[in-house]
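# Survey of secondary and tertiary structure
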Amino acid sequence: MSYAEVNGLRLWHEVRGSGRPLVLLHGGYGTAESFAPLLPAFAGRRRVVTVDLQGHGRTADVDRPLRFESMADDVAALVRHLGLGEADVLGYSLGGGVALRLAIQHPALVRRLVVVSAPCRSGGWYPEVRAAMAAQDAPMGERMRGTPPHELYARVAPRPQDWPALWAKTGELLRQDYDWSAQVAALANPTLLVFADADSVPTSHVAEFFGLLGGGHRDAGWDGSDRPASRLAVLPGLTHYEMLDSPALPAAVLPFLTAPARPPQ
């Protein structure tokens, strides 16, 4: 466990395992511990780097807003600090947005990208999910005291009193409109999209997202020669909130990370 001084931030990270690097980015109000159920599967084959993003877990907040773009720059600086070269990157929910921006802003640092349960535009969430996100603020953070995410934050955060501020800044982030469709369509990095079949993102957006990456436009052919470089996995029987507890996630991710690369068609 260590800190890296990047972009005016003391970014906490932990490295375990050996092999090709795999960076894991947690969701909102989470920490590196979010990936605990999956670490044995990943760290048995990869050099796994877990990160606590700005204001989360062991990484104290700084005087700047939470933005997907700046958090992506933080992760890019960490990849360079650790000398990882090209890393595989998996991000979940809020971390999925950060991972996607990392590939957009720093494509040379991302070998393969895995986006789990995150849309490529703010309108990709179900309307009721967007409404719930818009309601996140400091008073809601106060009401969330005593929940498992708060208990973990209180145990590891350098300033546990910042919990309501994290909710205020996260809510402000989630109220921002964004549409990265054009940048996604231009990505050259092989990408795997993973969603639950009862996710917070409708399957119509999942199909749209995959289509931007070249998927879903034609039959792959009897020999698979027209298969796109990117892939899609929809995991059955799960919701947005169960993804990181399911062994189905590494079962979908690891074959993608190890399969021979195919050029975009």
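Residues numbered from 1 in each chain as written. Predicted model: local features only at pLDDT ≥ 70, side-chain atom pairs only at ≥ 80, totals over all residues. Heavy atoms only, no water.

### So, the pairing of strand β6 (residues 110-116)
Heads up, the rule is: The cut-offs for exposure are 20% and 50% of the maximum accessible area for each residue type, with area from a 1.4 Å probe on protein chains only; residues under the lower value are buried, those over the upper are exposed, and the others partly exposed. Under the DSSP-based scheme used, a helix requires at least four consecutive residues in state H or I and a strand at least two consecutive residues in state E, with every element numbered from the N terminus. Two strands pair if DSSP finds at least two bridges between them.
Among the seven residues of β6, seven are classified as buried, and the element is accordingly described as predominantly covered. Here four bridges tie β6 to strand β7 (residues 191-198), and the two strands are oriented parallel to one another. Following the sheet pairing, Val114 is matched in β7 by Leu192.

### Examining unusual backbone geometry
With the exception of glycine, the majority of residues adopt a negative phi angle, and the majority of peptide bonds are in the trans configuration. With phi around 65 degrees, Tyr29 is a residue other than glycine that occupies positive phi space. Along the polypeptide, Tyr29 turns up in the loop between β3 (21-25) and α1 (39-43). In this structure, Ser93 is a non-glycine residue whose phi angle is positive, near 55 degrees. For Ser93, the position within the fold is in the loop between β5 (87-92) and α3 (94-105). A residue is classified by how much of its surface remains accessible, and Ser93, at 14% relative accessible area, is buried.

### Overview of the packing of helix α2 (residues 68-81) against α3
We apply this condition: Each axis is a line fitted through C-alpha atoms, taken for helices only over the stretch in contact, and angles between the N-to-C directions span 0 to 180 degrees. Just so you know how the angles are binned, under 35 degrees is roughly parallel, over 145 roughly antiparallel, 65 to 115 roughly perpendicular, and the rest oblique. Less than a right angle of anticlockwise turn of the near helix away from the far helix marks a crossing as left-handed, whereas a clockwise turn marks it as right-handed. The contact definition used throughout considers only heavy atoms, calling two residues in contact when any of these lie within 4.5 Å.
Orientation of α2 relative to α3, taken along the N-to-C sense of each, is 70 degrees, at an axis distance of 8 Å. If you check the angle between α2 and α3, you find them roughly perpendicular. The element α2 and its partner α3 pack so that their crossing is right-handed. In this structure, α2 uses Phe68, Glu69, Met71, Ala72, Asp73, Val75 and Ala76 to contact α3, whose residues at the interface are Leu94, Gly97, Val98, Arg101, Leu102 and Gln105.

### Let's talk about the nonpolar core
So the rule is basically this: Only buried residues count toward a nonpolar core, which is a set of Ala, Val, Leu, Ile, Met, Phe, Trp, Tyr and Cys residues joined through side-chain atoms within 4.5 Å.
Formed by 56 residues in total, the largest nonpolar core has its most connected members in Val23, Leu25, Val98, Leu100 and Phe209. No other element matches the eight residues that α2 contributes to this core. If near-sequence neighbours (up to four positions away) are discounted, Val98 is found in contact with Leu25, Leu53, Phe68, Met71, Ala72 and Val75.

### A few points about the pairing of β5
The condition that has to hold: We call a crossover right-handed when, viewed with the strands running away from us, the connection from the first strand over the helix to the second turns clockwise.
In terms of burial, β5 is a largely internal element, six of the six residues being buried. Burial along β5 is two-sided: the face carrying Ala87, Val89 and Gly91 and the face carrying Asp88, Leu90 and Tyr92 are both buried. Inspection of the sheet shows β3 paired to β5 by four bridges, in the parallel sense. Of the residues in β5, the one forming a bridge with Val23 is Val89. In this fold, β5 hands off to α3, which returns the chain to β6; that crossover is right-handed.

### Some details on the pattern of salt bridges
Formally: Here, a salt bridge means any Lys or Arg side-chain nitrogen found within 4 Å of an Asp or Glu carboxyl oxygen.
Applying the stated criterion across every chain yields a total of 13 salt bridges. A salt bridge links Glu33 to Arg58; the shortest N-O distance between them is 2.2 Å. Here Arg58 lies in the loop between β4 (47-52) and α2 and Glu33 lies in the loop between β3 and α1, a separation of 25 residues in the sequence. The shortest N-O distance in the salt bridge between Asp74 and Arg64 comes to 2.2 Å. Placement of Asp74 in helix α2 and of Arg64 in the loop between β4 and α2 is noted, with a sequence separation of 10 residues between them. Of the two residues examined, Asp74 and Arg64, each falls in the buried class. Here the residues in one salt-bridge network are Glu33, Asp52 and Arg58, joined through shared partners.

### Observations regarding helix α6 (residues 148-156)
Put simply, the rule is: Arc definition: it is the arc formed by the directions from the helix axis to the C-beta atoms.
Regarding α6, the residues found buried are His150, Leu152, Tyr153 and Val156. Angular distribution of buried residues about the axis of α6 spans 165 degrees; they occupy a single face of the element. Seen from the open side of α6, the exposed residues pointing more than 90 degrees away from its buried face are Pro148 and Arg155. If you follow the buried residues of α6, they end up packed against α7 (163-174).

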